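# Observations on chain architecture
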Number of protein chains: 2
Amino acid sequence: MSADVQAPAPRRRTRIQREKRDLILEAALEVFSAHGFRGATIDQIAEAAGMSKPNLLYYFRRKEDIHETLMQRLLDTWLAPLRELDDVGDPLTELRSYIHRKLEMARDFPRESRLFANEILQGAPRIMPLLEGELKTLVDDKAAVIDGWMRAGKIARTDPRHLIFSIWATTQHYADFDVQVRAVLGPGRGDEHRFEDAARFLENLFMDGLRPRAR
Amino acid sequence: MSADVQAPAPRRRTRIQREKRDLILEAALEVFSAHGFRGATIDQIAEAAGMSKPNLLYYFRRKEDIHETLMQRLLDTWLAPLRELDDVGDPLTELRSYIHRKLEMARDFPRESRLFANEILQGAPRIMPLLEGELKTLVDDKAAVIDGWMRAGKIARTDPRHLIFSIWATTQHYADFDVQVRAVLGPGRGDEHRFEDAARFLENLFMDGLRPRAR
DNA sequence: CTAACGTTTGTCCATCCGGTCAAAATTTGC
DNA sequence: GCAAATTTTGACCGGATGGACAAACGTTAG
């Protein structure tokens, strides 16, 4: 039995409706993430989804509806790694795996990352409530967990919220600024193995910083 | 009589031309950084610059010309902090001030940061050559400097290029993702002092990482 | 004063784009 | 097999937008 995501009380969706909507959302992710909301046109999305514009508009009445649906679906996937950050287990290990999971997401879902980045960059006009609600709550929650670790002396004392920001920033950078990263690394080893190199680097950075280790 | 194909070789510019062009570029920075290239309209820029659209088009023949000029002017300012990274002086101190300077730029020139972010996010269609040329050269150069420090045992060994990326990512995050940062910190102390807090946090992170310090 | 040059404006155009609509084609429930 | 419901399509619309243009306005040098 299907339970509809949010839309206002239409009767339960047809198989075709579910399939086509998914097709459209996939196409829209491709187009929105590459050009931003304003830069993307319905025609582009329709073509990428292999259907005509009026046909697409039969499934989503307005361009903004597509974007909104996409955003809502994505937020869950996107925040999953942070949700998993758990109080049990060794703090340093927990944080290390959080960083790795985030980096894997940047590698495997760069379009999703760019979609969010695009939205935030332009002032998050369409997802402000989500940021101030769901996201803030989650971060508050996890910041408390991290704070507990600090108080217990398990990790160094710093600002837990800025720690989370820095993990987001460093990992998502490899998705959002991919072209720049590749341009700078140039062809050759760096370009091919950039995610492995990034993983190793970030682990070093977050665990021990730059100060030379006395051995 | 005019024969110039595109930019170069116009006779020297009038005082009015210089003033108006600057005015337009300032307005364009505001508008482009807030809406992206495609999202910005010539009318918006013209209004922000306090002139009519045809008047603006008298100084810049095409929308893209404004963007291009803006980009070229900005790159210098933007990379200045990295250029200053110097071989002389204590490596850790050098890196610390680089981080601080970058963070100050994110605080004082958020529009510039967002303009670049927008461009890179969309695949850098208009500045690819700059990335592969000027930027890559500069990074190669500074990576060599950092590498020297590592070989000399002055800082821990890691990947110098990814180190640079991580500094860019963490500092620019406070400009590019400002709305998200503010939404998550919420009103109150965090919001007001976010840049000071960020500075302190980043210094801790880059110097010593998260491992609890034996005291 | 006036001719030459630089600047500004109103008007106009072609195209793009989000969205509508009615009719045609297809699928579904009985 | 057939009527009702769903899906698809082509044609169309109105507003926004990038840009062209010529006429008007202002400034400056002789």
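Residues numbered from 1 in each chain as written. Chains lettered and ligands numbered in written order. Predicted model: local features only at pLDDT ≥ 70, side-chain atom pairs only at ≥ 80, totals over all residues. Heavy atoms only, no water.

## Notes on the overall build of chain A
Our working rule: In DSSP terms, a helix is any run of H or I states spanning at least four residues, a strand is any run of E spanning at least two, and both are numbered starting from the N terminus. The Shrake-Rupley method, run with a 1.4 Å probe, gives the accessible areas here. Residue values count only the displayed protein chains as cover. Positive charges come from Lys and Arg, negative ones from Asp and Glu, while His and the chain ends are left out of the count. By convention, the charge on Lys lies at NZ, on Arg at CZ, on Asp at CG and on Glu at CD.
Helix and strand content of chain A: 11 helices and 0 strands. C-alpha atoms of chain A, sized along the principal axes, occupy 65 × 45 × 30 Å. With an accessible surface of roughly 10400 Å², chain A has 48% of that area assigned to carbon and sulfur atoms. Distance between charge centroids for chain A: 2 Å, based on 34 positive and 34 negative side chains.

## Remarks on the side chain of A:D208
Heads up, the rule is: Polar contacts here mean pairs of N or O atoms no more than 3.5 Å apart (in protein, one a potential hydrogen donor and the other a potential acceptor; neighbouring residues in sequence count only if both atoms are side-chain atoms).
Mapping A:D208 onto the fold places it in helix 11 (residues 194–208). At 2.7 Å, the side chain of A:D208 forms a polar contact with the side chain of B:R211.

## Quick look at the interface of chain B and chain A
Stated formally: Here a residue-residue contact requires only that any non-hydrogen atoms of the pair lie within 4.5 Å. When two components associate, each loses some accessible surface as probed by a 1.4 Å sphere; the sum of these losses over both components is called the buried area. Every case where a carboxyl oxygen of Asp or Glu lies within 4 Å of a side-chain nitrogen of Lys or Arg is listed as a salt bridge.
Contacts between the two partners involve 65 residues from chain B and, on the opposite side, 66 residues from chain A. A combined buried area of about 5700 Å² lies between chain B and chain A, and 68% of that area is made up of carbon and sulfur atoms. Contact with chain A buries surface across chain B, with B:L121, B:V184 and B:L210 losing the most and accounting together for 14% of the total. Put simply, chain B and chain A have 2 salt bridges between them.

## Quick look at the nonpolar core
Let me state the cut-off plainly: Among buried residues, the Ala, Val, Leu, Ile, Met, Phe, Trp, Tyr and Cys ones that are joined through side-chain atoms within 4.5 Å form a nonpolar core. Type-normalised accessible area, obtained with a 1.4 Å probe on protein chains alone, sets the label of each residue: buried when under 20%, exposed when over 50%, and partly exposed for intermediate values.
By size, the foremost hydrophobic cluster in this structure holds 140 residues, and its most contacted members are A:I24, A:F32, A:F206, B:I24, B:F32 and B:F206. In this structure, B:F206 is in contact with A:L205, A:G209, A:L210, A:R211, B:I99, B:L163, B:S166, B:I167 and B:T170, ignoring residues within four places of it in sequence.

## Description of the protein's contact with DNA strand C
Under the convention used in this document: Only a single heavy atom is needed: when it lies within 4 Å of a molecule or strand, its residue is near that molecule or strand.
Around DNA strand C sit 19 residues, and of these A:K63, B:K20, B:R38, B:Y58 and B:Y59 come closest. When the atoms of DNA strand C within 4 Å of the protein are grouped by moiety, sugar and phosphate amount to 55% of the total. Contact between DNA strand C and B:Y58: a phosphate oxygen at 2.9 Å from a side-chain N or O atom of the residue. Counting only elements with at least two residues in the surface near DNA strand C, the list comes to helix 3 (53–59) of chain A together with helix 1 (15–39) and helix 3 (53–59) of chain B.

## Some words on the relation of the copies chain B and chain A
One copy of the chain maps onto the other through a rotation about an axis followed by a shift along the same axis. So the rule is basically this: A least-squares superposition brings the copies together, and it is based on the C-alpha atoms of residues with pLDDT no lower than 70 in both.
After a rotation of 180 degrees and a shift along the axis of 0.0 Å, chain B superposes on chain A with an RMSD of 0.1 Å. Classification of the inter-copy transformation places it as that of a two-fold axis. Minimal C-alpha separation from the rotation axis in chain B is found for B:G209, amounting to 1.9 Å. Interface overlap between copies: 100% of the residues of chain B at the interface are likewise at the interface in chain A, consistent with a symmetric, same-surface contact.

## Quick word on the environment of A:H100
Its location among the elements puts A:H100 in helix 5 (residues 91–108). Spatially, the C-alpha atoms of A:H100 and A:A199 are 6.6 Å apart, while their sequence positions differ by 99 residues.

## Remarks on the protein's contact with DNA strand D
Our working rule: All residues other than Ala, Val, Leu, Ile, Met, Phe, Trp, Tyr, Cys, Pro, Asp, Glu, Lys and Arg, Gly among them, are scored as polar; the first ten of these are nonpolar and the last four charged.
By nearness alone, 18 residues border DNA strand D, and A:K20, A:R38, A:Y58, A:Y59 and B:K63 come closest of all. Within 4 Å of the protein, atoms of DNA strand D come from sugar and phosphate in 57% of cases. Here a phosphate oxygen of DNA strand D sits 2.6 Å away from a polar atom, N or O, in the side chain of A:K20. Class assignment of the residues belonging to the surface near DNA strand D gives a composition of 8 nonpolar, 5 polar and 5 charged.

## Some thoughts on the side chain of A:R194
Along the polypeptide, A:R194 turns up in helix 11. Looking at A:R194, its side chain comes within polar contact range of the main-chain oxygen of A:D191, at 2.8 Å. Those residues in contact with A:R194, other than ones at most four positions away along the chain, are A:D178, A:V181, A:R182, A:L185 and B:H162.

## Remarks on the UniProt feature "DNA-binding region" (unreviewed entry) in chain A
Inclusion rule: UniProt positions are given in the numbering used here, feature names are shortened, and annotations may be inferred rather than shown by experiment.
The UniProt feature table records "DNA-binding region" (unreviewed entry) at residues 41–60 of chain A. End C-alpha to end C-alpha, residues 41–60 of chain A measures 14 Å, and it is 70% helix and 0% strand.

## With respect to the UniProt feature "domain: HTH tetR-type" (unreviewed entry) in chain A
As annotated in UniProt, the feature "domain: HTH tetR-type" (unreviewed entry) corresponds to residues 18–78 of chain A in the numbering used here. The span residues 18–78 of chain A shows a helical share of 85% and a strand share of 0%, and its end C-alpha atoms are spaced 22 Å apart.

## Some words on the domain arrangement of chain A
Residues and elements named next belong to chain A. Short version of the rule: Where each domain begins and ends follows an automated or database-derived domain assignment.
Here chain A is described as being made up of domain 1 (1–61) and domain 2 (70–208). Contacts between the two partners involve 12 residues from domain 1 and, on the opposite side, 10 residues from domain 2. Carbon and sulfur atoms make up 58% of the surface buried where domain 1 meets domain 2, a total of about 1000 Å² over both sides. Broken down residue by residue, the surface that domain 1 buries against domain 2 is led by L25, L29 and S33, which jointly contribute 50%.

## So, the packing of aromatic side chains
Between two aromatic rings, the relevant description is the distance of the centres plus the angle of the planes. The condition is simple: Aromatic contacts are taken between Phe, Tyr and Trp rings whose centres are within 6.5 Å, Trp giving its six-membered ring; a plane angle under 30 degrees counts as stacked, one over 60 as edge-to-face, and the others as tilted.
Scanning all chains against the criterion turns up 12 aromatic pairs over all chains. Their ring planes at 20 degrees and their centres at 5.6 Å tell us that A:F32 and A:F37 sit as a pair that is stacked. Across the pair, A:F37 and A:F32 agree in class, each one buried. Their ring planes at 55 degrees and their centres at 6.2 Å tell us that B:Y174 and B:F195 sit as a pair that is tilted. Of the two residues, B:Y174 sits in helix 8 (residues 160–176) while B:F195 sits in helix 11 (residues 194–208), which places them 21 residues apart along the sequence. The class of B:F195 is buried, set by a relative accessible area of 16%. Taken together, the ring pairs connect A:F165, A:W168, B:Y174 and B:F195 into an aromatic cluster.

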